Amino acid sequence: MQGWCVPTRPIARLVLGAILLAHVGASTFALDPAGLLTSEPFYTDDYPLHFARAAVVAAELPRTGRLWAYDPGTLAGYPLGATVFDLDNVGTAVAMALLPLPPPLAFKLVVLLAVLSAPLVIFAAARRLGCDDAEALAAAAGATVVSAAAFTLRLGMFANFTVSYLAVLIVALAAGHLRAPAPRSFLALVAAATIGLLVHVF
């Protein structure tokens, strides 16, 4: 399908750009822009917990190769990543381990990417499902409205938010693979599903 990743008409590209700008503005309700300029992680609500867990696992990952760690200085020694609940943030730890940045900055980059990708991913998924430009743009605009109103996002549940819109892309990729099975479409589906599971396991 042609144009499933980008709008096929110039005016549609401008509209998608405007939606993305509106999404950036709406995201300031969840993430304080001033917090991006510091060398500290986000400190509102659940973000400190997610950062602390991810930072410990990211530091241990190169040495152990495991997505869990035991740190007596975090949550009184609660085994980080050793339960299903803790797996909801393991993708953040992997990204932090791979990025050549200080942990707070790497964490912020992951959160920003997760929050700001919503309208683009939803647009791509809608095109993949057979929507035209107008329908896909409406879906992308809807993603912006949802993210601006997402109370859980302001509480720090960015992984849950991210996997919610990634699920739409995974369904779209699965539908495309079932329509015309091919190694490329299968690998795309596996890659998207793997990222989704790393971001949030349920």
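Along each chain, the written sequence defines residue order, and numbers are assigned to residues from 1. The model is predicted, so local features are restricted to residues of pLDDT at least 70 and side-chain atom pairs to those at 80 or more, both for listing and for counting; the totals for chains, interfaces and linings are taken over all residues. With hydrogens and water stripped out, all remaining heavy atoms of the structure feed into the side-chain values.

Here we come to the packing of aromatic side chains. By convention, a stacked pair of Phe, Tyr or Trp rings (six-membered ring in the case of Trp) has centres within 6.5 Å and planes under 30 degrees apart, an edge-to-face pair has planes over 60 apart, and any other such pair is tilted. Throughout the structure, instances matching the rule amount to 3 aromatic pairs. A centroid spacing of 5.4 Å and a plane angle of 70° characterise the contact between Phe-51 and Phe-107, whose relative ring orientation is edge-to-face. With Phe-51 in helix H2 (residues 47–64) and Phe-107 in helix H4 (residues 103–116), this residue pair connects regions lying 56 residues apart in the sequence. Classification of Phe-107 by relative accessible area gives buried; the value is 0%. A centroid spacing of 5.9 Å and a plane angle of 85° characterise the contact between Phe-107 and Phe-158, whose relative ring orientation is edge-to-face. Of this pair, Phe-107 sits in helix H4 while Phe-158 sits in helix H8 (residues 158–179), and the two are 51 residues apart along the sequence. This pair shows no difference in class: Phe-107 is buried, exactly as Phe-158 is. Linked through ring pairs, Phe-51, Phe-107 and Phe-158 together constitute an aromatic cluster. Starting at the N terminus, helices and strands are each numbered in turn, a helix being any DSSP run of H or I of at least four residues and a strand any DSSP run of E of at least two. The buried label goes to any residue with under 20% of its type's maximum accessible area, the exposed label to any with over 50%, and the partly exposed label to all in between, with areas taken from a 1.4 Å probe on protein chains only.

Attention shifts here to the packing of helix H3 (residues 90–98) against H4. It is at 9 Å that the axes of H3 and H4 come closest, and there the two elements cross at 125°. It follows that H3 is oblique to H4 by the angle criterion. In this structure, H3 crosses over H4, and the sense of that crossing is right-handed. Between H3 and H4, the residues in contact are Thr-92, Ala-95 and Met-96 and Pro-103, Ala-106, Phe-107 and Val-110, respectively. Inter-axis angles, ranging from 0 to 180 degrees, are taken between N-to-C directions of lines fitted to C-alpha atoms, where helices are fitted over the stretch in contact. If an angle is under 35 degrees, it is roughly parallel; if it is over 145, roughly antiparallel; if it lies from 65 to 115, roughly perpendicular; otherwise it is oblique. Crossing handedness is read from the near helix: turned anticlockwise from the far helix by less than a right angle, it gives a left-handed crossing, and turned clockwise, a right-handed one. Note on contacts: a residue pair qualifies if any of its non-hydrogen atoms lie within 4.5 Å across the two residues.

Turning to the nonpolar core, a few remarks are in order. Definition used in this section: a nonpolar core is a set of buried Ala, Val, Leu, Ile, Met, Phe, Trp, Tyr and Cys residues joined via side-chain atoms within 4.5 Å. By size, the foremost hydrophobic cluster in this structure holds 18 residues, and its most contacted members are Leu-31, Tyr-47, Met-96, Phe-107, Val-111 and Phe-158. The next biggest cluster of nonpolar side chains, apart from the first, holds 16 residues, and it includes Ala-159, Val-163, Leu-169 and Ala-172.

Next up on the list: the pattern of salt bridges. A pairing counts as a salt bridge when a side-chain nitrogen of Lys or Arg comes within 4 Å of a carboxyl oxygen of Asp or Glu. A complete count under the given rule lists 2 salt bridges for this structure. Put simply, Glu-60 and Arg-63 hold a salt bridge, and the shortest N to O gap is 2.3 Å. A residue pair is termed a helical-turn pair when its members lie 3 or 4 positions apart in one helix, as Glu-60 and Arg-63 do in helix H2 at 3 residues.

On to the confidence of the model for the protein. The predicted structure's coordinates, where accompanied by low pLDDT, should not be read in detail. Confidence scores per residue from the predictor, reported as pLDDT, run from 0 to 100. On average, residues of the protein score 82 in pLDDT, and 83% of them reach the 70 mark or higher. Taken element by element, the protein is modelled with least confidence in helix H7 (residues 151–154), mean pLDDT 65, and with most confidence in helix H5 (residues 118–128), mean pLDDT 92.

Mapped onto the fold, Thr-8 is located in the segment before helix H1 (10–27). The sequence separation of Thr-8 and Asp-133 amounts to 125 residues, and the corresponding C-alpha distance is 7.1 Å.

A word on H8. A helix is expected to span 1.5 Å multiplied by its residue count minus one. Between its first and last C-alpha atoms H8 spans 32 Å; for 22 residues at 1.5 Å apiece the expected length is 32 Å, and the two agree. All buried positions along H8 are accounted for by Phe-158, Ala-159, Phe-161, Thr-162, Val-163, Tyr-165, Leu-166, Leu-169, Ala-172, Leu-173, Gly-176 and His-177.

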